[in-house]
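# Structural features, examined
The residues making up each chain are set out below.
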Amino acid sequence: MSEKISGIKTKLDWSAYESYGSFGGFDSFDSFGTSDAAPAESGGGYAKAAAVCMGKRHCHNKDKGVMCPSFRVTNDEKHSTHHRAVTLKAALDGNYGAHPFMSEELTAAMSLCVSCKGCKSECPHGVDMALLRVEALAQRWIALGRVPLRERLFAYTPRFAAHLKRLNWINTLRERIPLIAQGMEHWLGIAARRSLPQAAARDFLTSQPQAVTANENGREVVLLVDTFSNHLDPQIAQAAWDVLQAAGYKVHLAKPATDERPLCCGRTFLSSGLIDEARAEATRLLDAITPFAARGIPVIGLEPSCLLMLRDEYHALGLGERVTALAKSALLLEEFLAREHDAKRLTLPLKPLNEKVLVHGHCHQKAFGAMTAMQKVLRLIPELEIEFIEASCCGMAGSFGLEAEHADISMQMAELALLPKIRAATPDTQLIANGTSCRHQIRDGAAREAKHLAQILQRAMRNDPTR
Ligand code: SF4
Ligand code: SF4
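Residues numbered from 1 in each chain as written. Chains lettered and ligands numbered in written order. Predicted model: local features only at pLDDT ≥ 70, side-chain atom pairs only at ≥ 80, totals over all residues.

### Notes on the overall build of the protein
- If you tally the helices and strands in the protein, you get 24 helices and 8 strands.
- Relative to the compact-globule value of 23 Å for 467 residues, the protein shows a C-alpha radius of gyration of 22 Å, a close match.
- Its C-alpha atoms put the protein at 70 × 55 × 45 Å along the principal axes.
- Residue burial in the protein is summarised as follows: out of 467 residues, 50% are buried.
- Within the protein, counting contacts between residues at least 6 apart in sequence, those at least 24 apart form 74% of the total. (Helix = DSSP H or I, 4+ residues; strand = E, 2+ residues; numbered from the N terminus. Rg over C-alpha atoms; globule rule 2.2 N^0.38 Å. Buried ≥ 20, exposed ≤ 12 C-beta atoms within 10 Å, placed from the backbone. Contact = placed C-beta atoms within 7 Å.)

Structure, rendered in structure tokens:
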């Protein structure tokens, strides 16, 4: 029996969906296998965003595309986009009691969604389950009255990232003494079998004294160094800096306007359902970058899930008009270089690299069509042999693969196509993965190190055969 649920005050701004179905109406849809496709009674724009699912179940197709990794790996429709949309609608209709976000049904339906955005790009109706899940998670924490420790640990990574290098010894001990890993699994829910990220001895922003490159007359760009590229892989940020400088751009480093802590897009907070904290990070970033974006200066990012958040989820954070200008300026490095090449403005001093690269695309690169740009930029390197891996999500998906209850399914996702392809590659084949999670998954699953596109370009500029 359905139960009326009290009005939901959503944490995200769903107003973009408010007019959805107004013309032609939801009644004409054959959604959820019934003739009644009207959105749930509670939830307003959020309910309408769930009702975008029309029930034709393209998400149950495993033959092509990337949608939906959890269905692909389980072959169970209870882990498909469609089932998630149906369950969310039922929850908002009050079918799972007065506290729908705490219900077993909704929790189980959302449990294996890796927020890959495959549905947003491949579902014929663009169901954005990754964002629907964020709201469901935020509502769950409200109903629970707290956010669990593990989720807070993952979410707050950018706030304590500067201290991570002092904690590397814990990682080393954890790897040497299984009892410590087992204890962390027991107390924190972090999978004992997975490695944890190691911070670099010196982060990029501290070691880079310049705030802007010396190319006084070059076209201006802003390099936005995310938490992961700054603290875990500063060599990637350095490579991007070198590449842009060598190409003659006047590169500004994105720095906070008022305090010392580096900028952060807010991705880890958003993924964990901590929307107020994500909004606070996004506001700091907007304060720092809007003056550049307002002048039409490209804002270049390296980590797909961080940079693309500026073009996507920022619209749902209710941050006003400034987001529109920023979204127009925000580009991944590969998108920027491909665009410059098309405009005949790119002068990268690339020398031949006589080797093969095997490329794994991050889910969000695929969802936003950035893989074409990857291909275009890699083709600029003479003699380079390029192969793209046809795979869905790598399975790491931020913290998903580190969570004890998800570690096995995470690896199964990687084993669908990605890891077998990497194991079949010759040792001298260079692996490319622009996502920090993807590189982590490849390291854990195939004991191989993948590089970022920026590092390959840097090597091609130096014609450096060393890895
Ligand atoms: S999620 Fe998309 S593909 Fe799946 S049933 Fe709904 S509308 Fe169809
Ligand atoms: S975001 Fe990815 S895992 Fe989640 S429902 Fe969509 S396609 Fe499936």
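After that view, the rundown keeps rolling.
### A closer look at the sheet that holds strand β4 (residues 330-332)
- Taken together, 4 strands build an open sheet; the order of strands is β2-β1-β3-β4 and the sheet is parallel. Single-partner strands in this sheet number two, and they are β2 (250-253) and β4. Each neighbouring strand pair of the sheet contributes to a mean axis angle of 35°, computed without reference to strand direction.
- Contacting β1 (220-224) and β2, helix α13 (residues 234-246) runs over the sheet at an angle of about 175° to β1.
- Where helix α16 (residues 304-311) meets the sheet, it contacts β1, β3 (299-301) and β4, and its direction lies at approximately 155° from that of β4. (Pairing = 2+ DSSP bridges. Axes fitted to C-alpha atoms, helices over the stretch in contact; angles between N-to-C directions.)

### With respect to the site of ligand 2
- Near ligand 2 lie 15 residues; those nearest to it are Cys68, Cys113, Gly118, Cys119 and Met129.
- Elements represented by at least two residues in the shell around ligand 2 include exactly α2 (69-74), α3 (81-92), α5 (118-122) and α6 (129-144).
- Taken together, the residues that form the shell around ligand 2 break down as 9 nonpolar, 4 polar and 2 charged. (Near = placed C-beta within 6 Å. Nonpolar A, V, L, I, M, F, W, Y, C, P; charged D, E, K, R; others polar.)

### A closer look at the domain arrangement of the protein
- When the domains of the protein are assigned, the result is domain 1 (15-144) and domain 2 (356-462).
- Centre-to-centre separation of domain 1 and domain 2, based on C-alpha positions: 29 Å.
- Across the contact, 12 residues belong to domain 1 and 12 residues belong to domain 2.
- Listed by contribution, the elements that provide at least two residues to the side of domain 1 that touches domain 2 are α2 and α5.
- Of the residues contributing to the side of domain 1 that touches domain 2, the split by class is 6 nonpolar, 3 polar and 3 charged. (Domains from an automatic or database assignment.)

### Description of the sheet that holds strand β8 (residues 450-451)
- Strand order in the open sheet formed by 4 strands is β6-β5-β7-β8, and the pairing between neighbours is parallel. Lying at the two open borders of the sheet, with one neighbouring strand each, are β6 (385-388) and β8.
- With 4 bridges joining them, strand β5 (residues 356-360) and β6 adopt parallel strand pairing. The residue bridging Lys356 from the neighbouring strand is Glu385, located in β6.

### Focus: the site of ligand 1
- Close to ligand 1 lie 15 residues, the nearest being Cys53, His58, Cys59, His82 and Cys123.
- Of all the elements, α3 adds the most residues to the shell around ligand 1, at 3 residues.
- A class-by-class count of the residues in the shell around ligand 1 yields 8 nonpolar, 5 polar and 2 charged.

### Concerning the nonpolar core
- Membership of the largest hydrophobic core comes to 136 residues, with the highest contact counts inside it found for Ala50, Leu223, Ala240 and Val299.
- Residues in contact with Val299, not counting those within four places in the same chain, are Val222, Leu224, Ile289, Phe292, Ala293, Leu326, Ser329, Ala330 and Leu331.
- Counting residues in each nonpolar core, the second largest holds 5 residues, with Ala161, Leu164, Ala199 and Leu232 among its members. (Core = buried A, V, L, I, M, F, W, Y, C linked by C-beta atoms within 7 Å.)

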